[in-house]
Structures are given as C-alpha cells and as structure tokens.
Amino acid sequence: MGDIPPLAQSTPFPIIKPLPPDLFAVHGASAEMRWEAMRGQGHLVPNDRFFVRNHTATPLIDLTTWRLRLHGSGLRSPRDLTYADLLALPATTVDCAIECAGNGRSFFGTQQGRPAAGTPWRLGGIGVARWRGVRLSAVLALAGLRGDAVDVLPSGLDPEYVDGGVNLGHVRRPLPVAKALGDVLLAYEMNGEPLPPDHGFPVRVVVPGWTGIASVKWVGDIEVSTTPLSSPWSTGMYRMFGPGSPPGGGPPLTTQVVKSAFELPWEAVLPAGRAHLLSGRSWSGTGRVTRVEVSDDRGASWRPARVRDTGHSAAWVLWDAEWTPARPGPHTLMARATDETGAGQPLRTAYNTMGYLFDAIVEHPVTVVS
Ligand code: MTE
C-alpha cells in the first residue's frame, strides 16, 4: 500500500505554508524537516519549519460553520461543540513530539539493504511543539461518557483518502478509552499561535508518545462506542507486517521508539584539523532520554555526549559533543540514546514491509575537507 497519495484535484498544492528547500525536503503531499535547520533553535520546532504529513491535502476550514460532533453509543449526552465552546473550557499546555510511524523508513533500504514501501523519510518526520488546548477527557465528560465505552474515534475533515482505487474515507483511527482519558489533548494552539492550516486548524488531537497517525488533524467528528471500533488506519496500515509478525499484522502501533539525529546536513561537509561542536537531539516514546553517546568509528567505540536538558519526557533532549576530525575524506558519525526504561537503539531494526518504527543507529555521512 503506497504512502504517497494522489494529489487532490481541487487544491493547487497539498500543503499551504511555504516549503523553502533549506528547511524542507518535499515527498509528495508531505514535507520533511531538514535537521540542519534545527541547529541553534530552542527546544521547540518553529511552526514554519515543522514537518507536514498529509494523506491528501490541507483543507481550509471555516470557523463559523465548523463544529466538533460528539456522538455514538458510548455517550449519554451527544452534542456539537463550537470553537468558542472549546475555548471556554479549562486549557492545558503540553510540550510534546509528533512523529510519523515511518520516520527513518529510508534507512531500511539505504542502510539495511531492504527497502520498505512508503514515504522515504530520513529522520525529519518529527517535530516538538507547545500544544495548548482542552483535555479530550474533559470533552468526553461533557458529553456524558459511559462507563462501558471502549473506543474513541476522531475523524479528520481533509479530503477522503483513495489508495489503489479504493476510497478509505476520512483519516480516522480509534483510541482506546484508557488512553483517551489520559494525557490526550484537543489542541487549538501550536507554539502560541492558532493551529496553522497544515497542522490541523481549527482543532487537532495530540497523543503524546504515540505514532503521529493517532494525532488526527482537522478533527470534526468524534465517535465514542461501547463496542470496539476500527478503521483502515488501525487494520491495514500502522501495524507491523512481514517476517516476525502474525499473518494479519501485529497489534495497532502505539508508542514510538528511541531515535537520535545530528543537526547536520545529510552529507555534511566539515573542515579537517579543527574542533567542531556537533549537536543533535534524541527522543523516545516510552520515557525520558537519560544517556546519549556518539561514535566516529562505526560503533567500535562510543563516548558520552553532553545532554543539555532533561525533564521533557514526551519531547526530546538536546545534546552536543566535540569532534576534531584528523584526516580528510569520508567519515560516518553515529549517535545512540537510551531512555529511562532502558530502551535503546540497536544496530539493525527488524524488517517490516511498511517500514515502521526504525530505531537503529543511523550512519550519518560526513565528508571532511582539508
Ligand atoms: N490527520 C488527518 N486528518 N489527515 C492526515 O493525513 N496524518 C497523520 C496525523 N494526522 C494525518 C492526520 C500523520 S501520519 C502524522 S505523522 C501527523 O498527522 C503529522 O502531523 P503534522 O502534519 O502536523 O506534522
């Protein structure tokens, strides 16, 4: 199943914000953040350089007619909420990452010799932002959540997704009630501004720590059910398929894995014989990153990087390490992280056909010039 959808007929381009080539690499309807653009930036990714992952195209939604429809057998008081209704509820702010399940997918091919189908992300299918909005749990309580409700299904208002000639409908993916009642947000602000159109205006779901598909953008409808719900995004996609997985695929993907990236261009060029302050970021969906190490000899030896900040369990840590390359020519830099649960980064990620959850240490190519 291809990850790059046909472009919508009605819009000139599926992403609205400018995508300057020094900030983004464009893949079909999606745009990958360039890591070198994060060097010198703070903890958060500014909205103008945050990656975009669209199945179809960014819709332009009229606030005067937009409603959030809450319905289904799991609610005692189904209702429609306006934007003003949401803004009137108590607000919560969360700094967290949204990361595509396929982030790092290209390395199944380029590093491990077995390409996986789908958008060929390097490591730029992630961003961290300050999301402000209303707890999903508060909205569900308002609509009379029943004690026997099991699943919550937010749907997006972007055009329906057609894959291989089959219309799969609006992007939607069920969340178990237990997760929906936890740290999940209905966000209307990103880094202090109303959500930009490409990132879900007027309201998106934000599910800290989980693969990005759970964070449905442009949400217009939430079904709550006392019986399990499913969608193509929880059955045919966003599960592990291939060797090592059951014939029908593994369970729907939830938490993200550990990854590390250098804030360097892909194929960086650095002068020889002088000290460079390498910088980067590491993150994990399962806990705070506690240790980062770097290697310049293909993993034969490792030394600790200086971790610059901690305490953001659902975001990333910034780190740096000095490196003085002695000889000109091609080099490989590697970084690996470990989180508080002990989860780390292996040398290889087990293959899965759709190329999800690449957690192996990435070999970053650098050319040192005299
Ligand atoms: N929600 C809708 N309605 N349509 C989409 O195409 N893409 C999902 C998710 N929510 C998507 C969506 C995926 S796969 C990811 S990784 C994130 O949105 C990306 O969020 P961003 O574009 O704000 O970075």
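The structure displayed is predicted, hence computed values, not measured ones.

A.B. asks: Can you help me understand the overall build of the protein chain in this one?
C.D. replies: Looking only at helices and strands, one finds 4 helices and 23 strands in the protein chain. Against the globule reference of 21 Å for 370 residues, the protein chain gives a C-alpha radius of gyration of 21 Å, in line with a compact fold. With the C-alpha coordinates of the protein chain rotated into their principal frame, the extents come out at 70 × 45 × 45 Å. For the protein chain, restricting intrachain contacts to residue pairs at least 6 apart in sequence, the fraction spanning at least 24 positions comes to 72%. Of the roughly 14600 Å² of accessible surface on the protein chain, 55% is carried by carbon and sulfur atoms. The protein chain carries 34 positive and 33 negative side-chain charges, and their two centres are separated by 3 Å.

A.B. asks: So what exactly am I meant to see when it comes to the site of the ligand here?
C.D. replies: Looking at the ligand, there are 20 residues lining it, with Phe51, Asp158, His199, Arg204 and Lys217 nearest. The side chain of His199 places a nitrogen or oxygen atom 2.7 Å from an oxygen atom of the ligand. One of the backbone N or O atoms of Ser215 is found 3.0 Å from a nitrogen atom in the ligand. Look at the ligand: alone it shows 540 Å² of surface, and the protein chains cover 100% of it. The residue inventory of the shell around the ligand, partitioned by class, reads 10 nonpolar, 6 polar and 4 charged.

A.B. asks: What exactly am I supposed to notice about the sheet that holds strand S4 (residues 79-81) here?
C.D. replies: Backbone hydrogen bonds are what pair the strands of a sheet, in a parallel or an antiparallel way. What the 5 strands build is an open sheet, ordered S4-S3-S14-S7-S10; its pairing is mixed. Lying at the two open borders of the sheet, with one neighbouring strand each, are S4 and strand S10 (175-176).

A.B. asks: Help me understand unusual backbone geometry in this model?
C.D. replies: What you tend to see is this: most non-glycine residues have negative phi, and most peptide bonds are trans. Geometrically, the link from Phe201 to Pro202 is a cis peptide bond, its omega value of 10 degrees lying close to zero. Its location among the elements puts Pro202 in the loop between strand S12 (193-194) and strand S13 (204-206). Of note in the backbone geometry, Tyr238 takes a positive phi value of approximately 60 degrees without being a glycine. Overall, the relative accessible area of 3% leaves Tyr238 in the buried class.

A.B. asks: What is the right way to read the environment of Gly273 from this model?
C.D. replies: When you line up the elements, Gly273 lands in the loop between strand S16 (268-271) and strand S17 (276-283). A C-alpha to C-alpha distance of 7.7 Å links Gly273 and Ser370, two positions 97 residues apart in sequence. Sequence-distant contacts of Gly273, that is, excluding residues within four places in its chain, are made with Thr324 and Pro325.

A.B. asks: Explanation requested: the pattern of salt bridges in the structure shown.
C.D. replies: It is possible for side chains of opposite charge to pair when their charged atoms get near one another. This structure, assessed with the given rule, holds 14 salt bridges. A salt bridge links Glu189 to Arg132; the nearest nitrogen and oxygen atoms lie 3.3 Å apart. One end of the pair, Glu189, is in strand S11 (residues 185-190); the other, Arg132, is in strand S6 (residues 126-135), with 57 residues separating them in the sequence. As a salt-bridge pair, Glu263 and Arg281 come within 2.6 Å of each other at their nearest N and O atoms.

A.B. asks: Any chance you could explain the sheet that holds strand S21 (residues 316-323) here in plain terms?
C.D. replies: What the 4 strands build is an open sheet, ordered S15-S17-S21-S20; its pairing is antiparallel. Each edge of the open sheet is held by one strand with a lone partner, namely strand S15 (259-262) and strand S20 (306-307).

A.B. asks: How do you make sense of the side chain of Arg53 when you look at a structure like this?
C.D. replies: Relative to the helices and strands, Arg53 is located in the loop between strand S2 (30-33) and strand S3 (68-71). Of the polar contacts made by the side chain of Arg53, one reaches the side chain of Tyr238; its length is 3.3 Å.

A.B. asks: Quick question: what am I supposed to make of the pairing of strand S22 (residues 329-339) here?
C.D. replies: Counting buried positions along S22 yields 9 of 11 residues, so the element is predominantly enclosed. With 6 bridges connecting them, strand S18 (residues 289-295) and S22 associate as antiparallel partners. Considered in S22, the bridge of Arg291 is made with Thr338. Where S22 lies against strand S23 (residues 364-369), 5 bridges are found, and the strand directions are antiparallel.

A.B. asks: Hey, could you run me through the confidence of the model for the protein chain in this one?
C.D. replies: Note that predicted coordinates carrying low pLDDT should not be read in detail. Per-chain confidence: the protein chain averages 95 in pLDDT, with 96% of residues scoring 70 or above. For the stretch residues 1-11, pLDDT sits under 50, and the model shows 22 contacts to residues farther than four places along the chain or on other chains.

A.B. asks: In this structure, what is going on with the packing of aromatic side chains? I would like to understand it.
C.D. replies: The relative placement of two aromatic rings is captured by the distance of their centres and the angle of their planes. Scanning the model with the defined rule gives 16 aromatic pairs in all. When the ring of Tyr83 is compared with that of Tyr188, the centres are 6.5 Å apart and the planes differ by 75 degrees; the resulting orientation is edge-to-face. One end of the pair, Tyr83, is in helix H1 (residues 83-87); the other, Tyr188, is in strand S11, and 105 residues separate them in sequence. With centroids separated by 5.9 Å and ring planes inclined at 65 degrees, the aromatic side chains of Trp283 and Trp316 adopt a geometry described as edge-to-face. One end of the pair, Trp283, is in strand S17; the other, Trp316, is in strand S21, and 33 residues separate them in sequence. Across the pair, Trp316 and Trp283 agree in class, each one buried. Three or more aromatic residues joined by ring pairs form one cluster here, namely Phe107, Phe108, Trp266, Tyr351 and Phe358. Over the ring of Tyr351 we find Arg114, and its NZ or CZ is 3.9 Å from the ring centre.

About the cut-offs
Residues numbered from 1 in each chain as written. Predicted model: local features only at pLDDT ≥ 70, side-chain atom pairs only at ≥ 80, totals over all residues. Heavy atoms only, no water. Helix = DSSP H or I, 4+ residues; strand = E, 2+ residues; numbered from the N terminus. Rg over C-alpha atoms; globule rule 2.2 N^0.38 Å. Contact = heavy atoms within 4.5 Å. Areas by Shrake-Rupley, 256 points an atom, 1.4 Å probe, with all protein chains shown as cover. Lys, Arg positive; Asp, Glu negative; His and termini not counted. Charge placed at Lys NZ, Arg CZ, Asp CG, Glu CD. Near = heavy atom within 4 Å. Polar contact = N/O pair within 3.5 Å; in protein donor to acceptor, adjacent residues only side chain to side chain. Nonpolar A, V, L, I, M, F, W, Y, C, P; charged D, E, K, R; others polar. Pairing = 2+ DSSP bridges. Buried < 20%, exposed > 50% of the residue type's maximum accessible area, 1.4 Å probe, protein only. Salt bridge = Lys/Arg side-chain N within 4 Å of Asp/Glu carboxyl O. pLDDT = per-residue confidence, 0-100. Phe/Tyr/Trp six-rings, centres within 6.5 Å; stacked < 30°, edge-to-face > 60°. Lys NZ or Arg CZ within 6 Å of the ring centre and 35° of its normal.

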